[in-house]
Amino acid sequence: RNALATQMDESVGAILSKLAKSGLLENTIFIFASDHQSRGKFTCYEASRVPFIMRWSEIIEPGSRISDLFANVDIPATLIEIAGGQPPENMVQDGISMLPALTQDSGYKKRSSVYLECNNIRAVVTDRFKYIANRPSAEILEDMAAEVEATGQTGKLRQIGWSGRKNWHVDEEGVVYSADRDFPHYFDADQLYDLQSDPFEQHNIIDDPKMAQVAASLKIKLGEYLNTLPHTFGEFKSE
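Bear in mind the structure is a predicted one, so any value in this text is a computation, not a measurement.

Visitor: Where do I start with empty space enclosed by the protein in this structure?
Guide: Over the atoms, a rolling probe the size of a water molecule traces out where space has been left empty. This model, assessed by the stated rule, comprises two cavities of 30 Å³ or more. Estimated volume of the largest cavity: approximately 90 Å³. Every residue lining the largest cavity is counted, 15 residues in all, and those nearest its centre are F42, G161, S163, V176 and Y186. Each residue belonging to the lining of the largest cavity can be placed in one class, and the counts come to seven nonpolar, six polar and two charged. Looking at the second largest cavity, its volume works out to about 30 Å³. Every residue along the wall of the second largest cavity is listed here: C44, Y45, I121, I132, N134, W162, Y186 and Q191. Partitioning the lining of the second largest cavity into residue classes produces six nonpolar, two polar and no charged.

This is the structure we're talking about:
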């Protein structure tokens, strides 16, 4: 992993160096991002909180940070606004521009939540809470239940995750990418996490009576997101 990080660092340095030598560095917006973190790949857990670094010398103060919620779908809207353009009429625009945040415009409307999706998992995350719902098909649930019974007799770790696929790493126990070991409540159908006190999503508080209102509001928000999409998902959207 250290070798990979070193190679990545050198590659970024090479790009910035080339831009500088070409006289384009100060007129270029540079973005470094990742599709997921190492923990929680193939889930809606911590992997969804990705590194995002942006260099724009005219606007962004070096070393500054923005704590607002953003998503990868916000990148097109941001670049279009920066360039002074307009999206094509047939372009579906799900994102919001980050430009007001970058320019520290105090009047802009911040994003209140982000929708997450991975195989049979859906989630809504706010600046403090994350709600996760797992709703696979009846067939997958049957396979998972059968495996619970089988592993109860052998003591082995379960290998069928919420996608319904068995771990394809034949020499590794548990679900793929170790999600069931990194996140102890992986097999809970409904999960709620307080990211302020539990950023690594280790304590599912969905059954805490004090969190009932939070859970209910996030379930409603998830349904609102799903109603804008074409596919079904459990009780949240049946048609």
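Visitor: Help me understand unusual backbone geometry, please; the structure alone is not making it clear to me.
Guide: Residues apart from glycine generally show negative phi values, whereas peptide bonds are mostly found in trans. Even without a glycine there, the phi angle at Q104 is positive, about 60°. Looking at where Q104 falls in the secondary structure, it is placed in the loop between helix 3 (99-102) and strand 3 (114-118). Residue classification places Q104 among the exposed residues on the basis of a relative accessible area of 70%.

Visitor: What's the story with the environment of D208 in this structure? I'm lost.
Guide: Residue placement: D208 occurs in the loop between strand 6 (190-194) and helix 6 (212-226). Here D208 falls in the partly exposed class, since its relative accessible area comes to 29%. D208 sits 193 residues away from I15 along the chain, and the two C-alpha atoms are 50 Å apart. Separated by 2.9 Å, the side chain of D208 and the backbone nitrogen of K210 make a polar contact.

Visitor: Would you mind going over the layout of surface pockets with me for this structure?
Guide: If you add up the space inside the second largest pocket, you get close to 240 Å³. Together, 10 residues line the second largest pocket, and L4, M8, H36, Q37 and S38 are the ones closest to its centre. The element contributing the most residues to the lining of the second largest pocket is helix 1 (residues 2-21), with three residues. Residue composition of the lining of the second largest pocket, grouped by class: five nonpolar, four polar and one charged.

Visitor: Help me understand the sheet that holds strand 5 (residues 129-134) in this model?
Guide: Within a sheet, neighbouring strands are paired by backbone hydrogen bonds and run either parallel or antiparallel to one another. Strand order in the open sheet made by the four strands is 3-4-5-6, with antiparallel pairing throughout. Edge positions in the open sheet fall to strand 3 and strand 6, since each of these has one partner strand only. Strand-to-strand twist of the sheet, defined as the mean angle between neighbouring strand axes without regard to direction, takes the value 15°. Here strand 4 (residues 121-125) pairs with strand 5 via five bridges, running antiparallel. Within strand 5, the residue paired with I121 across the bridge is N134.

Visitor: Mind showing me how you'd approach the side chain of T43 here?
Guide: Looking at where T43 falls in the secondary structure, it is placed in the loop between strand 1 (30-33) and strand 2 (52-55). The exposure class of T43 is buried, given its relative accessible area of 8%. Reaching out from T43, the side chain makes a polar contact with the backbone oxygen of G40 at a distance of 2.4 Å. Engagement of the side chain of T43 in a polar contact is seen with the backbone nitrogen of Y45, the distance being 3.0 Å. If near-sequence neighbours (up to four positions away) are discounted, T43 is found in contact with S48, C118, I121, A179 and Y186.

Visitor: Can you help me understand helix 4 (residues 138-154) in this one?
Guide: An α-helix turns once per 3.6 residues; consequently, residues spaced three or four apart project the same way. Relative to the 24 Å expected for 17 residues at 1.5 Å per residue, helix 4 spans 25 Å between its end C-alpha atoms, a close match to the ideal helical length. When helix 4 is considered as a whole, its buried residues turn out to be I140, M144, E147 and T151. The buried residues of helix 4 occupy an angular sector of 60° when projected down its axis, which confines them to one face. For helix 4, exposure combined with an orientation more than 90 degrees from the buried face picks out A138, E139, E142, E149, G152 and Q153. In the stretch just after helix 4, G155 is the one whose phi turns positive, near 80°.

Rules and cut-offs
Residues numbered from 1 in each chain as written. Predicted model: local features only at pLDDT ≥ 70, side-chain atom pairs only at ≥ 80, totals over all residues. Heavy atoms only, no water. 1 Å grid on protein atoms, 1.4 Å probe; cavity = no way out; pocket = protein on both sides within 12 Å on 5 of 7 lines; lining within 4 Å. Points joined across faces, edges and corners; volume = space filled by probe spheres on them. Nonpolar A, V, L, I, M, F, W, Y, C, P; charged D, E, K, R; others polar. Helix = DSSP H or I, 4+ residues; strand = E, 2+ residues; numbered from the N terminus. Buried < 20%, exposed > 50% of the residue type's maximum accessible area, 1.4 Å probe, protein only. Polar contact = N/O pair within 3.5 Å; in protein donor to acceptor, adjacent residues only side chain to side chain. Pairing = 2+ DSSP bridges. Axes fitted to C-alpha atoms, helices over the stretch in contact; angles between N-to-C directions. Contact = heavy atoms within 4.5 Å. Expected span 1.5 Å × (residues − 1). Arc of directions from axis to C-beta.

So far we have only geometry, and geometry alone does not tell us how the molecule works.
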